[in-house]
Number of protein chains: 2
Amino acid sequence: MGVDFGTLSARAVVVRASDGAELGSGVGEYAHGAIERTLPPTGQPLPPDWALQDPADWRSALGTAVRAALRDAGADPSAVVGIGTDFTACTVLPVLRDGTPLCEVPALRDRPHAWPKLWKHHAAQPQADRINDLAHARKEEWISRYGGRISSEWQFAKALQLLEEDPDTYQRTERWIEAADWMIWQLCGAETRNACTAGYKGIYQDGHYPSEDYLAALNPTFADFARTRLDGVPLSPLGSRAGTMTAEGAALTGLPEGIAVATGNVDAHVTAPAARAIASGQMLAIMGTSTCHVMNGDRLAAVPGICGVVDGGIIAGKSGYEAGQSAVGDIFAWWTGLGVPRSYLADAAERGQDLHEYLSGRCEGRPVGAHGLIALDWMGGNRSILVDHHLSGVIAGLTLATTPEEVYLALVESTAYGTRVIVESFEAAGLPVTEFIVAGGLKRNRMLMQVYADVLRRPVSVASSDQAPAVGSAIHAAVAAGLHADVAEAAEVMGRVERAAYVPDPARADAYDELFAEYRTLHDYFSGRPEWAGNDVLHRLRNRRNGATTA
Amino acid sequence: MGVDFGTLSARAVVVRASDGAELGSGVGEYAHGAIERTLPPTGQPLPPDWALQDPADWRSALGTAVRAALRDAGADPSAVVGIGTDFTACTVLPVLRDGTPLCEVPALRDRPHAWPKLWKHHAAQPQADRINDLAHARKEEWISRYGGRISSEWQFAKALQLLEEDPDTYQRTERWIEAADWMIWQLCGAETRNACTAGYKGIYQDGHYPSEDYLAALNPTFADFARTRLDGVPLSPLGSRAGTMTAEGAALTGLPEGIAVATGNVDAHVTAPAARAIASGQMLAIMGTSTCHVMNGDRLAAVPGICGVVDGGIIAGKSGYEAGQSAVGDIFAWWTGLGVPRSYLADAAERGQDLHEYLSGRCEGRPVGAHGLIALDWMGGNRSILVDHHLSGVIAGLTLATTPEEVYLALVESTAYGTRVIVESFEAAGLPVTEFIVAGGLKRNRMLMQVYADVLRRPVSVASSDQAPAVGSAIHAAVAAGLHADVAEAAEVMGRVERAAYVPDPARADAYDELFAEYRTLHDYFSGRPEWAGNDVLHRLRNRRNGATTA
């Protein structure tokens, strides 16, 4: 059984360990989804850039999804030998020593800081800025492993925000744990910490977290944070067994007590074996609301602006690289959510298409650049390579003749340009990207996939499964249960990919080379970076907006 | 009787000459509106940036509007003593010596170049560029009267495009005439040329058109253009009588034969007396699909980037200045036309509001900058002060939380910033702008008017009439009929304005000062001008778009 905890729902899949066949699947929605406007118990408004979740939603969605998958497969629960799970990251929460989320402690339920902070909580940028400035000032070795910048999305920035904005709740925080590991705790009754989130999101490098000296310099009260709230549990390698299913876990899921529970994992990284993307140079992009790029390498290299490189971060024994784009599908959904002409709604309904299919269809076959547009894909900030979540999006070239589908196409292209910036950063650091493999919901958009092939000038392969992260979790479950020797072997048997499903059109790729040069010029200008003679207008607009909203 | 020929319809109003009371009004729509996609008789697609009209629509709309106004007023046609008309400009057409439009010559009906070119026909930019380069190279004195740049919208650029793209049709062109004057020809049977369009749109300065030498250097075949196709008729001052109504004019309009027909005029300029905006320093903005700014001064000064300064161009005896913004209301209509969420449509319908009122209402009272956005208002190009119709719009600061009404507000603000650039250019040239007076449909949007007051840091006065251009034409008719001594005297009796209807809020004006500085920085950057270290990306995008569309 593999279970993938996404941003809005959990998906479970029953996979046959002998050949990877997907026998059945099920979904459980989170009742509160992403909590971005008001805190559920009180209705109090949340500040700008906040994003929370409710752990009760995760438990409930797990039970629903696993039971639905078993029913769909017509499977006897007793035939399930193991469960693996993966989660969005860095989604992190404060808990008591027994794993109780602080937001479930009655006295703390109305404190926003007691709730899990979702990966896209972007309100800890001031803390992230200080973390980075101090790391560079002190020449901390670990900073180069994170592209030179720790993200505001990650464990330390979010924890420091908690400490500084709500010190009482911080004092009640006995452990600070990734949702990926917290979920495993619910299943096997023991706290574990997986090597992947500890490395990428928890600044664990070369056997230790950042030093107490460093943390004290950030904030004296923060000095013992890593020792008391993170450390104390040996890290678990990916593919290992975290424990066995407890009675409580069995009650939650409807699965048998005593089956193997795999170590927690991250939705992106866990997908690599499912898409057979584990060789060095195979870049896997998991494209949904956001995009996460993971790629194995044979050595630890410093790549400016990536999320991180972690020994064994994707698969034990390799150097796992991660980069990302904060918003991709979210941008397209934002655009269609602003509205389309009524005639489009009627036309799409008549064809039985959703708006994404419909707008994509209207764009297919157009000459490159016929829309006259170029956009910066920063509507959700920029995770790589600028690592700056207070940037925002730009659309240039608009005319009175510009149509909704033209903007849609320009937004699709902008995300492809954003990916190309990342690919070029890897290559500039001496890590060739030999293949681009896509998993996630956006792989079904043929227009988008072709744009990526043309913009990247590379064949684009496509993971076969529509539930590739959940299959990846099932692969880890199969290894934890002892059915395969290791994750690489399991991937050979259980993973599926369609190689070179899209190939670049040379003429269109030439045109996109020119448009990408325009993108890069605007990227550097609007980054606001002094070294690129940037205009810092986007930060000034953001500061004004957040000031006005708070006031 | 005053008749205002707009972009999509003609509006007639019956005005009492003794006190300016509007007794009745009527509208006639143009059956073909603005012809921008395909040529009506053949359905052949038009190239990008084209905009044509059908003169039959003008005649038909005139008859409909005048008769409707008479009915609405319950007026006996025999009580009408004169008619004045105004037109969009530069809307210009090729005609035979007897005034027959070439597009009504059967053999030429399928030639796009035989049709009237609407003011917003923007396909003559290459010709405009050559007109400007050559004028500067030859140090032609007249170029400084046009802010240093002749627009692609005007008579010479459009005529040169005709010559170079369809020489046969050019050879059949016996006269090249503004629609403003052509309409007068239909009423009084004689060709006249008004001082306003000849000056602003026809490069008539100090008693003559550009020299044959200059025109020959543009294109040898163009040498005699002004002498043969424009000149040969003495210019008529504004407020003068062009002639008397012919039997044909009477049949067209239902008005009596023999009544006074006033000299033709332009929709913007004719409005100044109706809004009592004729003193030096009173800037009148006619705000509708586009905005035209007109202001009288006591002397001829060179203002970079304005449309022009013409002796007697607004009122005889004063130096009339004109500037403009190519698209204003058109931008808001474009945005709402892209679509809004379904819930907005339902909500607006329930309140009985159109989308503009509805979105404006959702913006009212928000702190300045709370949307985090800034836009460049160039979706229809930039008329002043960049005089470049191949620029395009930009929106920066977009996030996943950005709403349709926030973009709407940013677009409204962008047009206010565009106006401020124009106001500051006048003041930098030593022409103080002491009052800002608004006429045109957008004056009814209270949110927008307040934004203008705040951004401009000036009281905004509002013309009282909803038909101010048509009332201005009626004022000219009253003068032509001899009921008032001159236009200034008639304006005192017949014009109406609400002074300082909106006053700036100092705190909001301070915030807008800061945002205007951001606008100006982006304005200079995206202008592409080397002297401002501009990025010429918008022109490159436009060239690629137009190339792709044509291919």
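Because the structure is a prediction, the values reported are computed rather than measured.

(A) Seen up close, the packing of helix α13 (residues 355-363) of chain A against helix α14 (residues 404-428) of chain A. All names here are of chain A. Direction vectors running N to C along α13 and α14 enclose 90°, while the axes themselves pass 9 Å from each other. Relative to α14, α13 is oriented roughly perpendicular. Listed contacts from α14 to His-356, Leu-359, Ser-360, Arg-362 and Cys-363 of α13 are Glu-405, Tyr-408 and Leu-409. For the contact of α13 with α14, the class distribution of residues is four nonpolar, two polar and two charged.

(B) Structural context of helix α16 (residues 468-480) of chain B. Residues and elements named next belong to chain B. The terminal C-alpha atoms of α16 lie 18 Å apart, and with 13 residues this matches the ideal 18 Å at 1.5 Å per residue to within 8%. Burial of α16 is extensive: 13 of the 13 residues sit out of reach of the surface. Just downstream of α16, Gly-482 is the residue with a positive phi angle, here 85°.

(C) The packing of aromatic side chains, seen in detail. Applying the stated rule across the entire model yields 43 aromatic pairs over all chains. Measuring from centroid to centroid gives 4.9 Å for Trp58(B) and Phe87(B), while their planes differ by 80°, and the two rings are edge-to-face. Here Trp58(B) is found in helix α1 (residues 55-73), whereas its partner Phe87(B) is found in strand β4 (residues 82-87), with 29 residues between them in sequence. Relative accessible area serves as the criterion here: at 0%, Trp58(B) is assigned to the buried category. Both rings, one in Tyr417(B) and one in Tyr512(B), keep their centres 6.2 Å apart while their planes meet at 65°; by these two values the pair is edge-to-face. With a gap of 95 residues between them, Tyr417(B) in helix α14 (residues 404-428) and Tyr512(B) in helix α18 (residues 506-527) connect regions that are remote in the sequence. One exposure class covers both Tyr417(B) and Tyr512(B), and it is buried. One aromatic cluster in this structure is built from Phe5(A), Trp58(A), Phe87(A) and Trp182(A). Positioned above the aromatic ring of Tyr170(A) is the side chain of Arg229(A), whose terminal nitrogen or guanidinium carbon lies 4.3 Å from the ring centre.

(D) Representation of the interface of chain B and chain A. Counting from both sides, the interface comprises 54 residues of chain B and, opposite them, 54 residues of chain A. In total, chain B and chain A occlude about 4,200 Å² of area from one another, counting both sides; carbon and sulfur atoms represent 64% of this. Seen at the junction of chain B and chain A, the total is four salt bridges. Linking chain B with chain A are 17 residue pairs in polar contact (both at pLDDT 80 or more), by the criterion used here. Elements with a contribution of two residues or more to the side of chain B that touches chain A: α11 (329-337), α12 (342-351), β17 (393-398), α18 and α19 (537-550) of chain B. When residues in the side of chain B that touches chain A are grouped by element, the largest group, nine residues, is from α19(B). Tallied by class, the residues present in the side of chain B that touches chain A amount to 31 nonpolar, 15 polar and eight charged.

(E) Fine view of the sheet that holds strand β14 (residues 308-311) of chain B. Residues and elements named next belong to chain B. If you trace the seven strands from one edge of the open sheet to the other, you get β14-β15-β13-β12-β18-β19-β20, paired in mixed fashion. At either end of the open sheet lies a strand with only one pairing partner, and these are β14 and β20 (497-502). Averaged over all pairs of adjacent strands, the angle between strand axes in this sheet comes to 25°, irrespective of strand direction. Summarising the sheet, strand β13 (residues 291-297) and strand β15 (residues 319-325) pair through seven bridges and their orientation is antiparallel. Across the sheet, His-293 pairs through a bridge with Ala-323, a residue of β15.

(F) Just the side chain of Thr91(B), in detail. Residues and elements named next belong to chain B. Here Thr-91 lies in the loop between β4 and β5 (92-95). At 2.8 Å, the side chain of Thr-91 and the side chain of Thr-88 are in polar contact. In this structure the side chain of Thr-91 is engaged in a polar contact, spanning 3.1 Å, whose partner is the backbone nitrogen of Trp-119. Contacts of Thr-91, omitting those with residues within four sequence positions, involve Trp-58, Lys-117, Leu-118, Trp-119, Ile-177, Glu-178 and Ala-179.

(G) The arrangement of the relation of the copies chain B and chain A in detail. Aligned on chain A, chain B shows an RMSD of 0.0 Å; the corresponding rotation is 180° and the shift along the axis is 0.0 Å. Those values place the two copies in the arrangement expected of a two-fold rotation axis. Using C-alpha coordinates, one finds that chain B approaches the rotation axis most closely at Gly339(B), a distance of 2.2 Å. Interface residue correspondence from chain B to chain A reaches 100%, placing this contact among same-surface, isologous pairings.

(H) Structural view of the sheet that holds strand β13 (residues 291-297) of chain A. Residue and element names in this part refer to chain A. The mixed open sheet is built from seven strands, whose spatial order is β14-β15-β13-β12-β18-β19-β20. Strands with a single pairing partner mark the edges of an open sheet, and in this sheet they are β14 (308-311) and β20 (497-502). Between one strand axis and the next, the sheet turns by 25° as a mean value, whatever way the strands run. Across five bridges, strand β12 (residues 282-287) lies against strand β18 (residues 435-439) in parallel orientation. Within β18, the position partnered with Gln-282 by the bridge is Glu-435. The sheet strands contacting α14 are β12, β13, β15 (319-325) and β18, and the helix crosses β15 at an angle near 150°.

(I) Layout of the pairing of β13(B). Residue and element names in this part refer to chain B. The buried fraction of β13 amounts to seven of the seven residues, a majority that puts the element mostly inside the structure. Residue alternation in β13 divides its side chains into two sets, Thr-291, His-293, Met-295 and Gly-297 and Cys-292, Val-294 and Asn-296, and both sets are buried. Pairing geometry for strand β12 (residues 282-287) and β13, over four bridges, is antiparallel. Looking across to β13, one finds that Ile-286 is bridged to Cys-292. From the end of β12 to the start of β13, which pair antiparallel, there are three residues.

(J) Structural detail: empty space enclosed by the protein. For the structure shown, the criterion picks out eight cavities of 30 Å³ or more. Taken as a whole, the largest cavity spans an internal volume of roughly 60 Å³. Lining of the largest cavity is provided by Gln325(B), Ser326(B), Ala327(B), Asp377(B), Trp378(B), Gly381(B), Asn382(B), Arg383(B), Ser384(B), Gly418(B) and Tyr519(B). The space that makes up the second largest cavity amounts to roughly 50 Å³. Surrounding the second largest cavity, Trp334(A), Trp335(A), Leu338(A), Ile395(A), Leu398(A), Val407(A), Trp335(B), Ile395(B), Leu398(B) and Val407(B) form its lining. Counting residues per element, the ones that place at least two in the lining of the second largest cavity are α11 (329-337) and β17 (393-398) of chain A together with β17 of chain B. In terms of residue class, the lining of the second largest cavity is built from 10 nonpolar, no polar and no charged.

(K) Up close: the packing of α11(A) against α14(A). All names here are of chain A. It is the contact of α11 with α14, at a shortest axis distance of 10 Å, that shows an interaxial angle of 165°. Relative to α14, the element α11 is oriented roughly antiparallel. The two elements α11 and α14 meet at a crossing, and its hand is right-handed. Note on element contacts: α14 touches α11 through Pro-404, Val-407, Tyr-408, Leu-411, Val-412 and Thr-415, opposite Ile-331, Phe-332, Trp-334, Trp-335 and Thr-336. Looking at the contact of α11 with α14 residue by residue, the classes come out as nine nonpolar, two polar and no charged.

(L) Here's a closer look at the environment of Gly482(A). Here Gly482(A) shows up in the loop between α16 (468-480) and α17 (487-494). Separated by 222 residues in the primary sequence, Gly482(A) and Ala260(A) have C-alpha atoms spaced 8.8 Å apart.

(M) Summary view of the pattern of salt bridges. All names here are of chain B. In this structure the tally under the stated criterion is 72 salt bridges over all chains. Salt-bridge contacts for Asp-347 lead to Arg-351; the nearest nitrogen and oxygen are separated by 3.3 Å. Taken together, the residues Asp-347 and Arg-351, both in helix α12 and four residues apart, mark about one turn of the helix. By relative accessible area, which is 53% here, Arg-351 ends up exposed. Put simply, Arg-420 and Asp-513 hold a salt bridge, and the shortest N to O gap is 2.8 Å.

What counts and how
- Residues numbered from 1 in each chain as written.
- Chains lettered and ligands numbered in written order.
- Predicted model: local features only at pLDDT ≥ 70, side-chain atom pairs only at ≥ 80, totals over all residues.
- Heavy atoms only, no water.
- Axes fitted to C-alpha atoms, helices over the stretch in contact; angles between N-to-C directions.
- Helix = DSSP H or I, 4+ residues; strand = E, 2+ residues; numbered from the N terminus.
- Parallel < 35°, antiparallel > 145°, perpendicular 65-115°, else oblique.
- Contact = heavy atoms within 4.5 Å.
- Nonpolar A, V, L, I, M, F, W, Y, C, P; charged D, E, K, R; others polar.
- Expected span 1.5 Å × (residues − 1).
- Buried < 20%, exposed > 50% of the residue type's maximum accessible area, 1.4 Å probe, protein only.
- Phe/Tyr/Trp six-rings, centres within 6.5 Å; stacked < 30°, edge-to-face > 60°.
- Lys NZ or Arg CZ within 6 Å of the ring centre and 35° of its normal.
- Buried area = accessible area lost by both parts, 1.4 Å probe.
- Salt bridge = Lys/Arg side-chain N within 4 Å of Asp/Glu carboxyl O.
- Polar contact = N/O pair within 3.5 Å; in protein donor to acceptor, adjacent residues only side chain to side chain.
- Pairing = 2+ DSSP bridges.
- Least-squares fit on C-alpha atoms with pLDDT ≥ 70 in both.
- 1 Å grid on protein atoms, 1.4 Å probe; cavity = no way out; pocket = protein on both sides within 12 Å on 5 of 7 lines; lining within 4 Å.
- Points joined across faces, edges and corners; volume = space filled by probe spheres on them.
- Left-handed = near helix turned anticlockwise from the far one by under 90°.

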